[in-house]
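Descriptive analysis of the structure
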Number of protein chains: 2
Amino acid sequence: MLMHNPPHPGEVLRELCLEPLGLTVTAAAEALGVSRKTLSAVLNGKAGISPEMAVRLSIAFDTSAESWLNQQSQYELWHAEQHRKELNVKKLVAA
Amino acid sequence: MLMHNPPHPGEVLRELCLEPLGLTVTAAAEALGVSRKTLSAVLNGKAGISPEMAVRLSIAFDTSAESWLNQQSQYELWHAEQHRKELNVKKLVAA
DNA sequence: GTACCCTGTAACGTATCAGGTGTCAAAGCG
DNA sequence: CGCTTTGACACCTGATACGTTACAGGGTAC
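Structure report, in brief. Just so it is clear, the model here is predicted, and its values are computed rather than measured. (Residues numbered from 1 in each chain as written. Chains lettered and ligands numbered in written order. Predicted model: local features only at pLDDT ≥ 70, side-chain atom pairs only at ≥ 80, totals over all residues. Heavy atoms only, no water.)

Some words on the pattern of salt bridges
Our working rule: In what follows, salt bridge is the name for a side-chain nitrogen of Lys or Arg lying within 4 Å of a carboxyl oxygen of Asp or Glu. Helix numbers and strand numbers start at the N terminus; a helix is a DSSP run of H or I with at least 4 residues, a strand a run of E with at least 2.
Following the criterion strictly, the structure yields four salt bridges over all chains and no others. Residue A:E81 pairs with A:R84 through a salt bridge whose shortest N-O separation is 3.0 Å. For B:R56, the salt bridge goes to B:E52, with nearest N and O atoms at 2.7 Å. With B:R56 and B:E52 both in helix α4 (residues 51-60) and four residues apart, the pair spans about one turn of that helix.

Let's talk about the relation of the copies chain B and chain A
Definition in use: C-alpha atoms of residues with pLDDT of at least 70 in both copies form the basis for the least-squares superposition of the copies. Here, two residues are considered to be in contact whenever any of their heavy atoms come within 4.5 Å of each other.
It takes a turn of 180 degrees to lay chain B on chain A, together with a shift of 0.0 Å along the axis; the resulting RMSD is 0.1 Å. With respect to symmetry, the two chain copies, as superposed, fit the operation of a two-fold axis. Scanning chain B for the C-alpha nearest the rotation axis identifies B:N70, at a separation of 3.4 Å. Interface residue correspondence from chain B to chain A reaches 100%, placing this contact among same-surface, isologous pairings.

A closer look at the environment of A:K90
Within the secondary structure layout, A:K90 lies in the segment after α5 (65-81). As for A:K90 and A:T26, which are separated by 64 residues in sequence, their C-alpha atoms are 48 Å apart. Residues contacting A:K90, with those up to four places away along its chain left out, are B:E30, B:A31 and B:A60.

Side note on the protein's contact with DNA strand D
Applied cut-off: Here, proximity means that at least one heavy atom of the residue falls within 4 Å of the molecule or strand. Polar contacts here mean pairs of N or O atoms no more than 3.5 Å apart (in protein, one a potential hydrogen donor and the other a potential acceptor; neighbouring residues in sequence count only if both atoms are side-chain atoms). Gly is placed with the polar residues, together with every amino acid not listed as nonpolar (Ala, Val, Leu, Ile, Met, Phe, Trp, Tyr, Cys and Pro) or charged (Asp, Glu, Lys and Arg).
In the vicinity of DNA strand D lie 19 residues, with A:V25, B:S35, B:K37, B:T38 and B:S50 positioned nearest. In DNA strand D, the atoms that sit within 4 Å of the protein are 63% sugar and phosphate, with bases accounting for the remainder. In the model, a phosphate oxygen of DNA strand D is placed 2.8 Å from a nitrogen or oxygen of the B:S35 main chain. When residues of the surface near DNA strand D are traced back to their parent elements, those giving at least two are α2 (25-32) and α3 (36-43) of chain A together with α3 (36-43) of chain B. Of the residues that constitute the surface near DNA strand D, the class distribution is three nonpolar, nine polar and seven charged.

Describing the interface of chain B and chain A
Heads up, the condition is: Accessible area, probed at 1.4 Å, shrinks when two parts are joined; the buried area is that loss added up over both.
Across the contact, 35 residues belong to chain B and 35 residues belong to chain A. Here chain B packs against chain A, burying approximately 3,300 Å² in sum over the two surfaces, 67% of which is carbon and sulfur. Joining chain B to chain A, the criterion identifies zero salt bridges. The interface formed by chain B and chain A holds nine residue pairs in polar contact (both at pLDDT 80 or more) in total. Mapped by element, the contributors of at least two residues to the side of chain B that touches chain A are α2 (25-32), α4 and α5 (65-81) of chain B. The element best represented in the side of chain B that touches chain A is α5(B), accounting for ten residues. Taken together, the residues of the side of chain B that touches chain A sort by class into 19 nonpolar, six polar and ten charged.

Rendered as structure tokens:
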């Protein structure tokens, strides 16, 4: 299982896509077809990477949409696991 | 890429977890700690598998939360890909 | 027929969240 | 000093996950 808090996918996005290309948030947002705020929110961890956003990233940066979505899933899953004991779930099959 | 419409993860859940164990929706919902309506919505494709639900499933059925979440991601991604051409995204790196 | 259980679903309210528009502070440039 | 650009924030909207309650329909047992 994941032991440590994974970084926001937006953090990875900034380091792996924007910075290497010297792209500003405004320029990247325009290319992606979203508002500056929307991209800004993603980059700062205020919003996740939606399936639609993953497709946008895959087109603009010629990457895999799945990888972005998987990163997002792992991030959300890690946070959900932190509340595992409060879920009050009964086991239906033996562990 | 995915060529065909993937099934709702809820459909898989019903066939792989509920039916083999002879579980009713009511019984499974109670064990999972959610309302019958919530589980029913998932099973019938009216709702997706949330990260929290994935953790619930992993506990109750001793399965991988990741696999459920990945199925959900693939499902959402396939639908998002269907609108790829309407997104108006500019390529920032060569394909 | 009557009673009971299981199911799906509609209506209502809650919380969360992606996204857009508008505004504002800070930094760069004439 | 102005002025543009950039990036972050506040507010509103639409969608969704979840809960409760209630209803209609199909079984099955009595």
